[in-house]
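# Secondary and tertiary structure notes
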Amino acid sequence: ERRYLDKDVLGRFASMVIERACEVQIELGGFHSSMQQVVLDYLLVGRGVQWSRYEPTYGAAEEVSEGEAENEDATGGDDAEEADEPVKPVTYEKVCDDYVGFKDFRHSPERTWEEVWWVAKREWLTRRQLRDRFPDKKRDDGRLVADVIPLVKPDKNSPDAMYRMPKAPIWELWDRR
């Protein structure tokens, strides 16, 4: 229900569009399965963590005309150096909701959540996922960073060890300051 029940037809239609967009996003972004795991963690250990991430899909690169590049610079857009590069338009975008296990989440030790200034999550990535995530990152010797990161083999005593591939623990850190 809308907060203000005035007779604004445009506002009513806008709220219907936003409501439908949210429903589709919840279905496509994995919200339901993520939140089931978060609630279970909260009930068992007292902390459930859900992480939202933006996932754009880019189309073919397009050339930007000089007039468009000048307009971007005037409106606080990209720098003039970046205006010469072709622009990849976003063709599809979504927000994905990921479950983060309580052992894979850290934050600065503060009294209240408002005082927390950094949070971090650990992801376990295979070699292929590392190459997809860091395709252009190279070391001084010319090798890809993704090929140098050591992988951790699963514990042999684990019941599903024969089905799990070696993975690298990668920490993603967000700093509010």
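Look up: the structure comes first, before these words.
Here we summarise the structure given alongside this text. This is a predicted model, so every value here is computed, not measured.

### With respect to the packing of aromatic side chains
Inspection of every chain in the model, using the stated rule, returns one aromatic pair. Aromatic side chains W117 and W118 sit 6.4 Å apart centroid to centroid with 80 degrees between the ring planes, which places their arrangement in the edge-to-face category. W117 gets classed as partly exposed once you look at its relative accessible area, which sits at 26%. The ring centre of F13 lies 4.7 Å from the NZ or CZ of R12, which sits over that ring.

### Regarding helix α1 (residues 9–28)
Taking 1.5 Å of rise per residue, 20 residues should cover 28 Å, and α1 covers 29 Å from first to last C-alpha, within 8% of that figure. Its side-chain oxygen placed 3.4 Å from the backbone nitrogen of L10, D8 serves as the N-cap of α1.

### Re the pattern of salt bridges
Where charged atoms from two side chains of opposite charge approach closely, those side chains can pair. On inspection of all chains with the given rule, the structure shows eight salt bridges. Across the salt bridge formed by E55 and R53, the nearest N and O atoms sit 2.5 Å from each other. By relative accessible area, E55 is classed as partly exposed at 31%. On the basis of relative accessibility, which here comes to 32%, the residue R53 falls in the partly exposed class. Across the pair R122 and D104 runs a salt bridge, and its minimum N-O distance is 2.7 Å. Of the two residues, R122 is situated in strand β4 (residues 118–125) and D104 in the loop between β2 (90–100) and β3 (105–107); the sequence distance between them amounts to 18 residues. Note on R122: relative accessible area 22%, which makes it partly exposed. Within this structure, R53, E55, K94 and D98 form a network of salt bridges that share partners.

What counts and how
- Residues numbered from 1 in each chain as written.
- Predicted model: local features only at pLDDT ≥ 70, side-chain atom pairs only at ≥ 80, totals over all residues.
- Heavy atoms only, no water.
- Phe/Tyr/Trp six-rings, centres within 6.5 Å; stacked < 30°, edge-to-face > 60°.
- Buried < 20%, exposed > 50% of the residue type's maximum accessible area, 1.4 Å probe, protein only.
- Lys NZ or Arg CZ within 6 Å of the ring centre and 35° of its normal.
- Helix = DSSP H or I, 4+ residues; strand = E, 2+ residues; numbered from the N terminus.
- Expected span 1.5 Å × (residues − 1).
- Polar contact = N/O pair within 3.5 Å; in protein donor to acceptor, adjacent residues only side chain to side chain.
- Salt bridge = Lys/Arg side-chain N within 4 Å of Asp/Glu carboxyl O.

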